[in-house]
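# Remarks on the overall topology
Take a look at the letters that make up each chain.
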Amino acid sequence: MANVYFDHNATTALDKRVLESMLPWMSAQSGNPTSRHVYGRSARDAVEHARAQVAEACGAYSSQVVFTANGTEANNFAIKGMAGHRPSVLSQLDLNQTATQILTSAIEHPCVTRPALSMQQLGYISRQIAVDANGKVDLEKLQQHQLTSPTGLVSVMLANNETGVIQEVATIAEMARAVGAFMHTDAVQGLGKLPLSFSDLNVQAMTVSSHKIHGPQGAAALILDKRVDIQPLLHGGGQEKGLRSGTENVAAIVGFGVACELAVANQTKYATHTQALRDQFELGLTKLAEKLGVTIFGSKVARLPNTSFFAIDGIEGETLVMALDRKGYAVASGSACSSDSTEPSHVLLAMGVDKDMARGAVRVSFGISNTTAEVSDFLATLNNEVLRLKQLTAIAA
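Residues numbered from 1 in each chain as written. Predicted model: local features only at pLDDT ≥ 70, side-chain atom pairs only at ≥ 80, totals over all residues. Heavy atoms only, no water.

## Considering the packing of aromatic side chains
This model, assessed by the stated rule, comprises nine aromatic pairs. Centre to centre, the rings of Y329 and F378 are 5.0 Å apart; their planes meet at 50°, and the pair counts as tilted. Here F378 lies in helix 12 (residues 372-396) and Y329 lies in strand 11 (residues 329-330), a separation of 49 residues in the sequence. As far as the burial class goes, Y329 and F378 line up, both buried. An aromatic cluster is built from F6, F281, F310, Y329, F366 and F378, whose rings are joined through pairwise contacts. (Phe/Tyr/Trp six-rings, centres within 6.5 Å; stacked < 30°, edge-to-face > 60°. Helix = DSSP H or I, 4+ residues; strand = E, 2+ residues; numbered from the N terminus. Buried < 20%, exposed > 50% of the residue type's maximum accessible area, 1.4 Å probe, protein only.)

Here is the structure:
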């Protein structure tokens, strides 16, 4: 039986070189970065070196990097901390004024949409930005209809975790700035897969995460414009210049830094290799389309090089994922962080995809370790499993 991992958008294996960099900080070198003795200073130096590595990978300055425990925390920090640069209606003396709105795209990860919704308890309004049938933000609707009310914050992800579709973040950021709103982007899926520049994206905040680039889980960062007045989520000892209190996870942060350095060095090779695998896979899907009825989502616009999101007529996505798992292939039916939900992909529904088709969606996300032989074998297995499932469905009917 095969044993193949095609779910790299969910998480990635820890690179051995990253692990080697972490091991000293998991054993002998145990200083707290806030301590003033030699052990503490050594830990502090390691954290600051990693901060510089992350900054370099993101086209930012070291002083703009705020470490967090994960991308969810960084996104919550951005949404809840930045929205208040314009007061909510509850904090204004004139209650007849229009409430400040927070705009998030309809395809955002729940760790962006849910904190935005939670801000309504404080008097803000949370609204979603529509996307078109390809999964791209509708810039015309945003400009003409949604940026007309007082807007405190706009958050649009750089690349979608399910479809891989890439957004025009710099253009949206310019539109947001024109009405005095802050702009945040969740770039978790972009780091290591696309050239990434905080300054070129023109945003005030950007989220990146370690475990998507063969770094450890437990480390992420919010890249932040230093001119932004942001309120911390966590209060305590004042670490991260008072923006994120709590003793730093030195080992994970060191690993994150090394992973960033390796990701930048290998980004071109990664993109070329994974796009070749994706093209091979989607060519195979196209050949199967006549007898199986295959739809590939977002294929008409720019996408991450490694990502393919598709559905096969009459086949439930979860059923197909489990069938492929039994054959040794790890794929996904959507976002790993919300995989306990049986609802169809909110991303596809926002794109206008029929609910029944959306329930059939399966995501394949390739990595640098995957091979053309694995893709060929996978296509053959996929064909066999789909035919088997369709036969079972016909018998049951």
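## A short note on a nonpolar patch on the surface
A cluster of nonpolar side chains, L14, L19, L23 and M26, forms an exposed patch at the surface whose accessible area comes to about 350 Å². Among the secondary structure elements, L14 is positioned in the loop between strand 1 (4-5) and helix 1 (16-22). Looking at L14, the relative accessible area reads 36%, which means it is partly exposed. (Patch = residues over 30% accessible without salt bridge, like charges linked within 9 Å, V, L, I, M, F, W, Y side chains within 5 Å. Areas by Shrake-Rupley, 256 points an atom, 1.4 Å probe, with all protein chains shown as cover. Salt bridge = Lys/Arg side-chain N within 4 Å of Asp/Glu carboxyl O.)

## Overview of the sheet that holds strand 12 (residues 361-365)
On the basis of which strands lie adjacent, the open sheet formed by three strands has the order 9-10-12 and antiparallel pairing. Since the sheet does not close on itself, it has two edges, and those belong to strand 9 (294-296) and strand 12, each with one partner. Direction aside, neighbouring strands of the sheet carry axes that sit 30° apart on average. Sheet topology note: the strand 9/strand 10 (residues 307-312) ladder contains three bridges and is antiparallel. When the sheet's bridge partners are listed, I296 is paired in strand 10 with F310. (Pairing = 2+ DSSP bridges. Axes fitted to C-alpha atoms, helices over the stretch in contact; angles between N-to-C directions.)

## A word on the pattern of salt bridges
Pairing between side chains becomes possible if they bear opposite charge and their charged atoms approach one another. Within this structure, the stated rule accounts for 13 salt bridges. With its nearest N and O atoms 3.8 Å apart, the salt bridge here joins D279 to R278. Judged by relative accessible area, which is 38%, D279 ranks as partly exposed. Residue R278 is classed as buried on the basis of its relative accessible area, which comes to 7%. A single network of salt bridges, built from pairs that share partners, joins R44, E48, R51, E240 and E248.

## Quick look at the side chain of E73
Here E73 shows up in helix 3 (residues 71-82). A residue is classified by how much of its surface remains accessible, and E73, at 14% relative accessible area, is buried. In contact with E73, not counting residues within four places along its chain, are T68, L233, L234 and R244. (Contact = heavy atoms within 4.5 Å.)

## Considerations on the environment of D45
In this structure, D45 sits in helix 2 (residues 38-58). Take D45: its relative accessible area is 55%, and that puts it in the exposed class. For the pair D45 and P33, spaced twelve residues apart in the sequence, the C-alpha separation amounts to 8.1 Å.

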